[in-house]
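So you can see what is in the structure, the chains are spelled out below.
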Amino acid sequence: MVRIVSVSGETAGVGVLYTGQRILTCAHVVNAALERDRLAKDRPKKAWVDVQFPLLPGTPPAVSFVSEWVPPQDGDEHGDLCVLTLTEPAPAGAAPARLSGHFPERGRQVDVFGYPSEEHPSPDGAWVTAEVKGQVGGGRFQLDSMNDVAHRIQSGYSGSPVLDRNTGRVLGLVSVARASGPRDSLSIPISAWMRLLDQPLNPQHRLPRSDQPSAPRRPARHGTQAIPSAITGLGTAALAALVLVWLVRPSLFTPGHGAGWWLAAALFLAVAIATASSHRQTLLDRARALFRWRQTLQPKRTRRLLALATSLVLASAVAFVLWPRAAQACPVATELRVLTTADSEQSVTAVAAAYEDSTARANGGCPTAHLHVYTTEKPGTDPKELTAALARGWADDGKRSPLRQLGAQPDIWLPGSTRDVDAVTDTARKSALRSPIEPRTTSIASSPIVLGRFGSTTPASGRVTTWHQLLAQAGVPRDLYRPDPDGSATGRLATRVTYASQPDATAERQLEQRISDSFSGSDIPQQGASGTGLLCLARSGILGESDVIIAKDAWSRYVNGLPLSANCRGRTKPLEGVAGQVVVHPTDTVVLDYPFVSFTWTRSPRLTAARDAVLQWLLSPPGQQALRGQGLDAPTRVPANQPTLSELDNALQRYHAVKPPADILLAVDTSGSMDEKVAGGGTRFDVVKRGVEDSLDQMGPKDRVTLWAFYGRGHRVLISRAPGGYTGRQQVLAELSKVQPSGATPLYPTITAAVAVPHTVTVAPIVVVLTDGEDTTGQSATNVAGSVRASKAQLYVVATGEARCGAGPLQDIAGKRCYAADFGSVDRQLANLFAALWGGN
Amino acid sequence: MARVLSVAKERLSGWPGGLVIGVTATLLALSLTPLVRNHDGAAEPGGELVIVSGQDDSNGQVRQKLINEWNSHNPNHPARIVSLSSNADAQHSQMLAMAQAGDRADIYNLDVTWVAEFASASYIKPLTGVNTAGFLKNPLDTGFYEGQRWALPFNTDAGLLFYRTDLVKDLPRYLPPDPNYARQFLRPPLTAAYAGQFADYEGLTVNALEAIWGAGGNVVDKDLRVTIDSAATVKGLRRLADARYPPGGTLRYALGDQEADATKAFTDGQVALMRNWPVQFNRIKPAESGSKSAVDVAGNFEVAKLPTPSVLGGQDLAVAANSPRPQTARQLIEFLTSPASQAKLFADGFAPVRASTYDDPQIRKPRYAATLKAAVEAARARPMTPHYILFSAAFRDIVDDAIADKGDLPPGAVRTLANALKGQRYIRQP
């Protein structure tokens, strides 16, 4: 209950607090308070209205201003209304009255409080009990003061709330009372007030913001006031969230982005809510009035529903923005670089795919990692390059660039044998470098070295067999193949275990001769030969009846028809049970232990976590199942009979010692075209010199090399039968450095002369010709080819630049031993060829 | 003071307070944005710029020369190229891992198909405010993803039709050529009519896309919807199948595994036509004087625009997200894509990205310059998706199956491609 006080301190009327800061009263009461004409229609401007809370003793007076104004005597039910807003929140204890939206029933008894000023004045106010008599014109209802009460409703009761005795709710507001005589009075029902408040305010009734005496303060947050405030906050929060998204993902706000419309809608909604909430009448009130829901829904419930719906829309929009692609596409998976051997490339690729599938299954179809599986064991790549590159942390050494020449810097290394890891550590130690290998390596699988036999009727089992017995049993007539000891872990271990089974060096030499003859007879390069590469040839029927020393997993993939190598990626029909395909497990064999190697250079938490997850999976049942699917056995500790690194090195040294020596004549084209520039800098001849230099690194101590240069009209001997080792190498390089390319290309006379040179060693003489152009002498290619065939020499041609092997005369002359290479790889091609030749082929 | 704080707290606790705070926060954020995003206007400390790029296979090492030129003018910000393998898979893996690990890089030289991936993962920064005037539209568009510019094209590429002028009178209407057209070349010393790239690598993706486009089909539309099951697309696949495995079991008339193989077949006189990239032009060289044995292909060939749109190739330069010198990196990109740099790149065999470089008579350029420009302008981009690598692998498997099955699509092709475009794991069929 609020007493409205005039500027002179008199009682102007009564009002009722209906929210935390708002008071309902009659417009004529406010006119009286401001000492204006009681029927003045214009809205009071810059006017303060003093109010008191008479039922709260000790409460200081408060100040209010007009915030809603419907002038008195408008002639309809809306007239004579004013809402005052307190400049401060209502004092403690002043609870807002509860309003009733129902028209008062006839006969209902009510209480009215006021300040009688005519009959029995009472400055402290007096209660009157009255009875609702019913509706009268203008939407008002008649209220008769009871006869048995001390006072009657009179002047001084204007604006007073009509309180239902039963419910305590405010039914109306006294607007007209007689000064004397009859005890009737008229009141405006709250239901009419509610309608009025629901409608948008007439601008002419509104107090311009600039006219307000002061900025109103925030009403207390209780009741329905809290909801609009919450919505305002929500709108502001949504705006802030959108700004944040704009900062993080500006591209989402650009035209053409799929989320653009959603963002635009969310932004519009947020701005609309924030703006609408800034009005004195809330958006919810407006919505309720618009749809006239108040008859069916309680205002508070309506507001809550609308607030909930709005919140959901906003939350959805913001969530869509913050998580824009998850519903549409997978995030970019973590990239892991997995280095492995040529023998394992296909199997690791398959296992990696299984791992990616497993992460995808656990992540809604989106793989969390992508494994780039690759190998550096390729023709033209010196196997020692990998060891050296790993030892120096994949860094350039001024001459070699691992990133450029070998590929990506690995996060995971899956070599066949722990001894390869030892070699890296050993190389790093010898170079005074810190080994990049993480201390802990874990075997993920194993595979023994076995003997695969093609076209054999020998039973696979039935009696104990050692390598010695097996190789002796294999007999001379059968070809024997083995992966390159310089290029693969399988080859190294196989060399070691087979040498260990031989009684002496002579037997080792005979074994190597047998292997060498097998490769030569099939015209298969021994250098760089991988186990899976040999099995690929077997699959093509090239190997014929022969034996292959191989890892058991590779053999399993062969018989199961799985991909073997880059050249054998297709599947074939499984061979299991087909006669003539036998594998023998010698009892004294060694095992590839397939270590999982990590590097200290992988420091990013994201990559290390992904790497560790791969290891964890590989050791789990699904990972082991995937590995078994590739023919691999369970992980193993390094067996007791596993050779040490020094034993392997020793075996390699013996291999190089017992393999047949080579005496090679190298004829290099030094015609004018060799002076042309090439990619990477330098001239063609510079590349050739690098190739020769690398080739000399492959020489054994017993090997010999003769160097010719051909240009102009013929050839010139630069050096004759230089020995392997440092001295011979330096002699060759010194002579080569003196050469200045010039003149034409006397290719055919040079070949004819080279194949005719007598050789002193027992093996067939070898001639290597490197040319970047066709012959310019006009000789007959047919005659040259005849000369080559008539000699015992093995002629190899490396064709680069304008020289070509296919469908040309060089193909006729050199046959399959014509190798084409561009200048990006000719140096490696040459080194590769020399390594093969000095390897005994 | 306490009273002031109390009043301030009270006055800022209502909706006006929220609005004031929101507006203030917004303005503050906006004012800080340039610092956060681009460092625009901020003076950057001196130091080296690292460009991560695939190996430069050009004869003259022109990229390094351009870097040397930059270094001579910018001693405080010298640049260094970290050269990666020429193998695209190795390049992609290394760059991606570097970006994810936050390794030092200022600029990535990305294949045009990787821009979306790096942009979507925010491994590169938006290139806002760069001057794009003068660039050819198609190459320029490759650096634009999700309504934002992320990169500028460094060099572009488009396939060309190499043909023997002594054998080919009329160019084919589409590729691979019609069997009836090809038949005229199936005589010695030719072993086939046409050479393309059909090995299982990106070359097959490119050749298959071009065959499909040539038939009026498509694989993925501009909204990344899969359309591979259209009749026109299947028609294109049938042409591929006919070229590799002609009806009746006759010799396939389309040869070539990879680019170099195709060039070799063409240079050796095995085929009359070849689809290949312009970089192969200089690799078809005449035999040395005096030689009587070589087929004189080098003196009897010409290049033309493909009869139907080519796939657009090339590489784009983008600023690494973790670059400590993004503004300088941007300046370096602008230098490398400037008209002067593009002219030098063109002279060394790279297809330039600026129209003026093709048109300027003062610039030394190859004789196929006009043809190349027309080819680039007619070229079409591959799907711009963050999961292009996955998409391409899935597409190739589908193409392989289709070629082996007379052009018919394998079951589930549409779903496989749709999943791959979203990055969902695609299980390669053995």
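These numbers come from a predicted model, not from an experiment.

**Regarding the overall build of chain A**
Here is step 1: The secondary structure content of chain A amounts to 24 helices and 28 strands.
Here is step 2: Per-residue burial for chain A yields a buried fraction of 54% across its 841 residues.
Here is step 3: In chain A, the proportion of contacts linking residues at least 24 apart, taken out of those at least 6 apart, comes to 71%.
Here is step 4: As presented, chain A carries roughly 35100 Å² of accessible surface, and 54% of it is formed by carbon and sulfur atoms.

**Quick look at the confidence of the model for chain A**
Residues and elements named next belong to chain A.
Here is step 1: Across chain A, the average pLDDT comes to 79, with 79% of residues at or above 70.
Here is step 2: Mean pLDDT values for the elements of chain A range from 49 in helix α5 (residues 283-291) up to 97 in strand β15 (residues 412-414).
Here is step 3: Here residues 199-228 scores under 50 on pLDDT; set against residues more than four positions off or in separate chains, the count is 58 contacts.
Here is step 4: In this model residues 278-283 is a low-confidence stretch, pLDDT under 50, and it forms 18 contacts with partners more than four residues away in sequence or in other chains.

**As for the pattern of salt bridges**
Here is step 1: Tallied over the entire structure, the rule returns 44 salt bridges over all chains.
Here is step 2: In this structure, A:Arg429 and A:Asp426 form a salt bridge, with 2.4 Å as the shortest nitrogen-oxygen distance. With A:Arg429 and A:Asp426 both in helix α10 (residues 418-430) and three residues apart, this pair spans about one turn of that helix.
Here is step 3: Looking at A:Asp426, the relative accessible area reads 17%, which means it is buried.
Here is step 4: The shortest N-O distance in the salt bridge between B:Lys344 and B:Glu69 comes to 2.7 Å. With B:Lys344 in helix α12 (residues 339-347) and B:Glu69 in helix α3 (residues 62-73), the pair connects residues that are 275 residues apart, well separated along the chain.
Here is step 5: By relative accessible area, B:Lys344 is classed as partly exposed at 36%.
Here is step 6: A relative accessible area of 24% places B:Glu69 in the partly exposed class.
Here is step 7: Through salt bridges with shared partners, a single network forms among A:Arg453, A:Arg478, A:Glu545 and A:Asp547.

**Some details on the sheet that holds strand β1 (residues 2-5) of chain A**
Here is step 1: On the basis of which strands lie adjacent, the closed barrel formed by six strands has the order β1-β2-β3-β6-β5-β4 (chain A) and antiparallel pairing. Each adjacent strand pair in this sheet contributes to an overall mean axis angle of 40 degrees, direction not counted.

**A look at the packing of helix α7 (residues 345-361) of chain A against helix α16 (residues 605-619) of chain A**
Residues and elements named next belong to chain A.
Here is step 1: One way to put it is that α7 packs onto α16 with a least axis distance of 11 Å and a crossing angle of 105 degrees. Considering their axes alone, α7 and α16 lie roughly perpendicular with respect to each other. Contacts between α7 and α16 involve Val351, Ala354, Tyr355 and Ser358 from the former and Ala610, Ala613, Val614, Trp617 and Leu618 from the latter.
Here is step 2: For the contact of α7 with α16, the residue count by class is eight nonpolar, one polar and no charged.

Criteria and cut-off values
- Residues numbered from 1 in each chain as written.
- Chains lettered and ligands numbered in written order.
- Predicted model: local features only at pLDDT ≥ 70, side-chain atom pairs only at ≥ 80, totals over all residues.
- Heavy atoms only, no water.
- Helix = DSSP H or I, 4+ residues; strand = E, 2+ residues; numbered from the N terminus.
- Buried < 20%, exposed > 50% of the residue type's maximum accessible area, 1.4 Å probe, protein only.
- Contact = heavy atoms within 4.5 Å.
- Areas by Shrake-Rupley, 256 points an atom, 1.4 Å probe, with all protein chains shown as cover.
- pLDDT = per-residue confidence, 0-100.
- Salt bridge = Lys/Arg side-chain N within 4 Å of Asp/Glu carboxyl O.
- Pairing = 2+ DSSP bridges.
- Axes fitted to C-alpha atoms, helices over the stretch in contact; angles between N-to-C directions.
- Parallel < 35°, antiparallel > 145°, perpendicular 65-115°, else oblique.
- Nonpolar A, V, L, I, M, F, W, Y, C, P; charged D, E, K, R; others polar.

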